[in-house]
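# Breakdown of the fold
Each chain, written out:
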Amino acid sequence: MDEIESCIEIAMDDLESSRLLLEAGKYRNSITLSYYAMFSIARALLLKKGVIPKTHDGVINQIGEIYVLEEGFDKDLASRFSRARTIREDASYANYDDFDLATAKENIWLAEEFISEAKKFL
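All values derive from a computational prediction rather than experimental measurement.

## Digging into the overall build of the protein chain
Along its length, the protein chain carries five helices and zero strands. Taken from the N to the C terminus, the helices and strands of the protein chain come in the order α-α-α-α-α. Against the 2.2 N^0.38 benchmark of 14 Å for 122 residues, the protein chain shows a C-alpha radius of gyration of 14 Å, consistent with a compact globule. By residue count, 40% of the 122 residues in the protein chain fall in the buried class. Within the protein chain, counting contacts between residues at least 6 apart in sequence, those at least 24 apart form 69% of the total.

Structure below.
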């Protein structure tokens with residue numbers, strides 16, 4: 001399996017795990033994995049173009065520069081992916097568990113939409 005296929009598989013696995021965590025009431029972890037599902041599919045897109053960013057900022061910025069501006073990727077989804085990173089950071093590093101069902105569901109929906117859009121370019 002090549003690296004692009006691996007990123008796609010990881011994205012789908014993270015999305016499935018995010019759904020399972022939502023069902024189990026583990027909203028913080030569900031939010032984290034729905035973001036990583038988007039991150040992995042974004043990496044697959046960039047690898048297709050031969051781009052290998054080393055940071056989350058790099059992935060987000062390159063998706064904007066290469067796919068939104070040049071290829072027509074949905075600008076709103078790309079912007080929401082960037083905001084999802086902030087939510088994921090709160091979920092990953094905050095010392096509290098103030099994450100709810102609505103936020104976790106919204107992130108899963110966003111991940112599904114982002115992945116669907118990304119697959120158009122893969």
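## Points about the pattern of salt bridges
Summed over all chains, the structure comprises seven salt bridges. Two residues, Glu-3 and Arg-43, come together in a salt bridge whose shortest N-O distance is 3.4 Å. Linking Glu-3 in helix α1 (residues 3-23) with Arg-43 in helix α2 (residues 27-48), this pair joins segments that are 40 residues apart in sequence. Here Glu-3 falls in the partly exposed class, since its relative accessible area comes to 45%. Here Glu-117 makes a salt bridge to Lys-120, at a shortest N to O gap of 3.0 Å. Within this structure, Asp-57, Arg-85 and Glu-89 form a network of salt bridges that share partners.

## Digging into the packing of aromatic side chains
One pass over the full model with this rule turns up eight aromatic pairs. Seen from their ring centres, Tyr-35 and Phe-81 are 5.7 Å apart, and the 20° between their planes marks the pair as stacked. Within this pair, whereas Tyr-35 is found in helix α2, its partner Phe-81 is found in helix α4 (residues 75-93), the two being separated by 46 residues in sequence. You'll find Tyr-35 and Phe-81 in the same group, each marked buried. Here the aromatic rings of Phe-73 and Phe-121 are separated by 5.6 Å at their centres, their planes lie at 35°, and the arrangement is tilted. Of this pair, Phe-73 sits in the loop between α3 (56-71) and α4 while Phe-121 sits in the segment after α5 (101-119), placing them 48 residues apart in sequence. Comparing Phe-73 with Phe-121, the two get one shared label, buried. Grouping aromatic residues by their ring pairs yields a cluster made of Tyr-35, Tyr-36, Phe-39, Tyr-67, Phe-73, Phe-81, Phe-114 and Phe-121.

## Brief notes about the environment of Asn-29
Mapped onto the secondary structure, Asn-29 falls in helix α2. Asn-29 sits 20 residues away from Glu-9 along the chain, and the two C-alpha atoms are 19 Å apart.

What counts, and at which threshold
- Residues numbered from 1 in each chain as written.
- Predicted model: local features only at pLDDT ≥ 70, side-chain atom pairs only at ≥ 80, totals over all residues.
- Heavy atoms only, no water.
- Helix = DSSP H or I, 4+ residues; strand = E, 2+ residues; numbered from the N terminus.
- Rg over C-alpha atoms; globule rule 2.2 N^0.38 Å.
- Buried < 20%, exposed > 50% of the residue type's maximum accessible area, 1.4 Å probe, protein only.
- Contact = heavy atoms within 4.5 Å.
- Salt bridge = Lys/Arg side-chain N within 4 Å of Asp/Glu carboxyl O.
- Phe/Tyr/Trp six-rings, centres within 6.5 Å; stacked < 30°, edge-to-face > 60°.

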